[in-house]
Structure formats: C-alpha cells, structure tokens
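Chain by chain, the residues run as shown.
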Amino acid sequence: MTFIYTQRCPLAKGLVSIAALVNSAEETPQPVSTHIKGTIPSWINGSFLRNGPGKFEFGKDKYSHWFDGMAMMHRFYVKDGDVTYNSSFLRSDSYTKNSEKDRIVVSEFGTIAMPDPCKNIFARFFSRFKLPQATDNASVNFVKYKGDYFVSTETNYMRRVDPDSLETKEKVDWTQYVAVNSATAHPHYGRDGATYNMGNSYGKSGFFYNIVRVPPQETEGDGAKEDVADLYGAKVICSIPASEPRRPSYFHSFVMSENYIVFIEQPIKLDMLKAMLYQVQGKSFNKIMTWDPKCDTIFHLVNRHTGECSAVRYRGEPMFTLHQINAYEEGGCLVMDMCCGDDGAVIGDFTLENLRRGGEELDKFYNSMCRNLPRRYVIPLTVDEDTPMDQNLVNLSLCTATAKKTGPGEVYLTYEELFNDELLQYGGLEFPQINYAENNGRPYRYVYACGFGHVFSDSLLKMDVRTKELKAWRHHGLFPSEPVFVPAPNATEEDDGVVMSVIINPKESTFLLVLDAKTFTELGRAEVPVNIPYGTHGVITIKQEKLK
C-alpha cells in the first residue's frame, strides 16, 4: 500500500531547501510590532499561541531528530486589527540543565545524552545502566485543563505557562494524579467543561492504554482559584489491555464523539525489551519503534460516560494515524474521519540530517515518504449474536465504508477514501482542524488542513467532506503551519469565520496569515521582523478575550 499511495501523488523534482526552517532561533521576549498588509478583522481579539522546536544544539552537541529541539513558544497578540509578536524558550528542566552544562544532558526522542566526560571511566560506564528521566521539553502543543494553559509533549510531564507573558511556571507530573506513565499532547474537550486524554501504564499486571477524564474547572462560587496547576479529580475511566503486552502500540491521539471514545491500536510497535536496553546500548528512544504491517489495526470502542469497553473487537487492515479529523454518531453507527498512512516508519525519518538535505537527495527523501490521506471508517454500534455474518452493517447514505461481522464478537472494517484525485496534487492532507467548538463530535462539513507537496507542508486546504471539493492557498517557497479556525461573532454557518496560520518564508518575512474561511481568500497578513522556526502539528490555539 505504501508504494501505491506514494506513486498516486506526483513525484517531486527540484524541491527548494528547507534547511533554514530547522535552524536554531533567538527568542523575542518583548513584543514587537508587525507590518500589516490587507486587513485583519477587528473582531479578532486575543492571543494566537504556537509551540514547536526552536533550538537544536548546546555547545558542540547537536540533536539528531527534529522532535528533539527545545520548545519555543510563540504569541501573536491580535487586537483592533493590529498584531504584535513575542516568543520565549520554555524554561524546562531539560533546557535549564543543558544550558548550565552547555551540552545535551537530557535524552530526547531521537537523541541519547552521552555520559559526562568529566567523570572517570567507571562512572561513565555505570551511568549507562541508570534509567533516563523522562523529558519535560514540552514542544508539541498548547493544551487547557481547568482553565489553565499548559505546553505538552508525550511524557508524563507538562508545564503550566502564562499565555500572555509566556512565562514558564511549574512542572506538572501526571503520575501524581492518575496511574499513567505518559499522556498525549492532543486531549479532547467535552461540552460540560471536562477534558479527556489518554495515557499508557505498565507494570506486573501488563501494559494498558488508559482513558483519563479531568473534571471541569470549579465555578466561582466554589472558592477562588489558586495560582497553581490543578488536575485534582482526574480519573482513569477505562483501562484497555494491550493486545501484545511486550509490543504495545504507539499512539499520538484518539477519537471522541458525543458518547464514545475510540482508541486505535495501530501496528507502530514499541519493543519493551529494547526499551530496557536502549540506554545501555546508547540508542535513542525512536529506535525501539517499529512498523509491523503483519498486524491488523484494532479499534477499541469505549462508552465515554460509563467507561465500559465494547466486547466486540473491530479490526481493519494495517494503517497508521496521527491525527483524527472528527467523529460523530449517525444511524446507529459511529463515523470516524482521520488522516491515515500505510507506512508508520515515517515517524523516525524526520531526522535533522534528512531535513537538511538538498538537491536530488531532498527529492529522493520526499519521494520515498508515505503520504497521509483522509479516510472514513464506520463502526456499527449494535453488534450481537443475532447480527448476520458477512453482511455490510453500514447503511449510511452515500457512504462506501463497510463493516462486516466475521465471527463471534469480531467485525472487520474497510474505509472510504474521503477525497478525490485533486487532493493528490497537493501531496495528501495532514494536521486537520475543524470548527471544534460547534462541530466536534457532531456531523460536520468542512476540514481545514495542510497539504504536503514538500517534506514540510506547502499549502493550506479546505475540504468539503460531503462533496470532497477542495479550496487551496499555495505559494511557492512558503511553508504554512497547522491552520486554526476562528468563528466569527454571531456566526450562522459552519464556515463563518477566519482561518489563521503562521507562514514560514525562509527568504523573506515570516507572517501570520488570515484567510476568509468561506472563500479561502486572503484577508490580511502580519509580517514579523524576526526569524521563526517551522512548527506544525497541534501547536496552535486561540485565547479569545472578547468579541466586538
């Protein structure tokens, strides 16, 4: 399947270099003015926050993988049609320790920290047998719990931050609140104010994927909120045992509708034996991840309110997914839209060496990559002993996805391609966003995303999931970050509002772009007078202060 999907998209030739997009940047702690071209709608008032890697070396030590760079937070403050910009490195323990030693002393996803050269040979040898401490370099996303803003990664640590000053506050350890060893950087938010996330746990009883619910923020009548992180009341509502305890699956996010959560157990496997030995062998964490296309994908269906996991096992052909688009219930089924690929090995390919290639070598690297494309899977919610075998259980209008009972408690899913051939010209679709406040977990029509005609995204896309019609914003040599939809005041339609994205221009000014979400035409841009490193998935949020 990887070969098929790679060849369906056009092969690249003469790609421009993106080396400048993954160089270390200087922070801009004090807000600076931007140059406005066009018009920024005056009703947008708030902070556009973005997170991503921004420093790739300490002293003579250099990181190996793009994910390893030190977290750099960015803020575009939008008010009355004007925009200011400031940025700050996250003062994580990892950043502080590395800075103090002027070398890499904390291991990251793709880089192993070497023993202290000042220690004698015996101390350096035995230091390899110490389990490395999880990093708090939270470079993936801005998230909210109980009204507070945090930056997050995929370990057990988050950092609370001030969304206005970007000041780093206290480190938060998930293990102090619930029995998980890590948590994703892509939580979901319920309309009741609760936040849902997933984290894994492992011990003598095995390896588990856990669904966590963090309750809503207390109301003002419950007492004044202290200026400290508050995850009290967090609770594991469901623990799903891994189908292979010694080779559990990697996951980056999960599916949530109004009544269900689906955990996708995919064939990106974590070798637990290698995990115990990788420090001794001097290998980085990404080396324990393997893509195993011999394994099916398993969809675990959980009632979001009771925590009960369905006894039915839903399976599909091997695929990998990082980001889901949306999920909703209709006609006795759960519809799930997500960006999927057929070769999960691509995660380990984003080394800085690969990203800094040029000429034919860069073309070769891009053309070897799996392209992610949107798919629709449909889970029938009522399957029992009376359900007929080998009969399509999906009866939704105009839907070509299928679900067939293949045995007692077993249902096999096939997907619908949620695109037409026009999308292939943009290299696929990733980093999807919707009108989340109104349509998450509900039927919807529009998705906003990035197209990948380059190693990094080189276009912004709007797709109608009903007609599969596309609108695009694409300019040669410009690299957009993940788009975010901001609804207009008193909006009456799903796409009433704007789409915002940070556009990296390695040759000229980087700028904040504002598109009319309905027409996908440019309204205005705010050009920034400093260099900004590239950042993509899950790194943008809007803190609305008021709507005029």
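- Labelled according to an unreviewed UniProt entry, the protein appears under the name Beta-carotene 15, 15-dioxygenase 2, like, originating from Gadus morhua.

1. Let's talk about the sheet that holds strand β8 (residues 141–145)
- Strand order across the open sheet formed by 4 strands is β8-β9-β10-β11, with antiparallel pairing between neighbours. The open sheet terminates on both sides in strands that have one partner only, identified here as β8 and β11 (168–173). In this sheet, neighbouring strand axes are inclined to one another by 35° on average, regardless of whether the strands run parallel or antiparallel.
- The sheet contact formed by β8 and strand β9 (residues 148–152) spans 5 bridges and is antiparallel. Paired with Asn141 across the bridge in β9 is Ser152.

2. A short note on the nonpolar core
- If you look at the biggest cluster of nonpolar residues, it comprises 58 residues, and the most contacted ones within it are Trp66, Phe76, Leu355, Val455, Phe456, Met500 and Leu512.
- Core analysis: the second largest hydrophobic core is formed by 48 residues, Val255, Ala401, Leu424 and Met463 among them.

3. Focus on the packing of aromatic side chains
- By the definition in use, this model includes 27 aromatic pairs.
- With a centroid separation of 5.9 Å and 50° between ring planes, the pair formed by Trp66 and Phe67 is classed as tilted.
- On the basis of relative accessibility, which here comes to 6%, the residue Trp66 falls in the buried class.
- Here a set of aromatic residues connected by ring pairs shows up, and it is made of Trp66, Phe67, Phe109, Phe350, Phe456 and Tyr534.
- Taking NZ or CZ as reference, Arg356 lies 6.0 Å from the ring centre of Phe56, over its face.
- If you follow Lys462 out to its NZ or CZ, it ends over the ring of Tyr446, 4.4 Å from the centre.

Cut-offs used in this document
- Residues numbered from 1 in each chain as written.
- Predicted model: local features only at pLDDT ≥ 70, side-chain atom pairs only at ≥ 80, totals over all residues.
- Heavy atoms only, no water.
- Pairing = 2+ DSSP bridges.
- Helix = DSSP H or I, 4+ residues; strand = E, 2+ residues; numbered from the N terminus.
- Axes fitted to C-alpha atoms, helices over the stretch in contact; angles between N-to-C directions.
- Core = buried A, V, L, I, M, F, W, Y, C linked by side-chain atoms within 4.5 Å.
- Buried < 20%, exposed > 50% of the residue type's maximum accessible area, 1.4 Å probe, protein only.
- Phe/Tyr/Trp six-rings, centres within 6.5 Å; stacked < 30°, edge-to-face > 60°.
- Lys NZ or Arg CZ within 6 Å of the ring centre and 35° of its normal.

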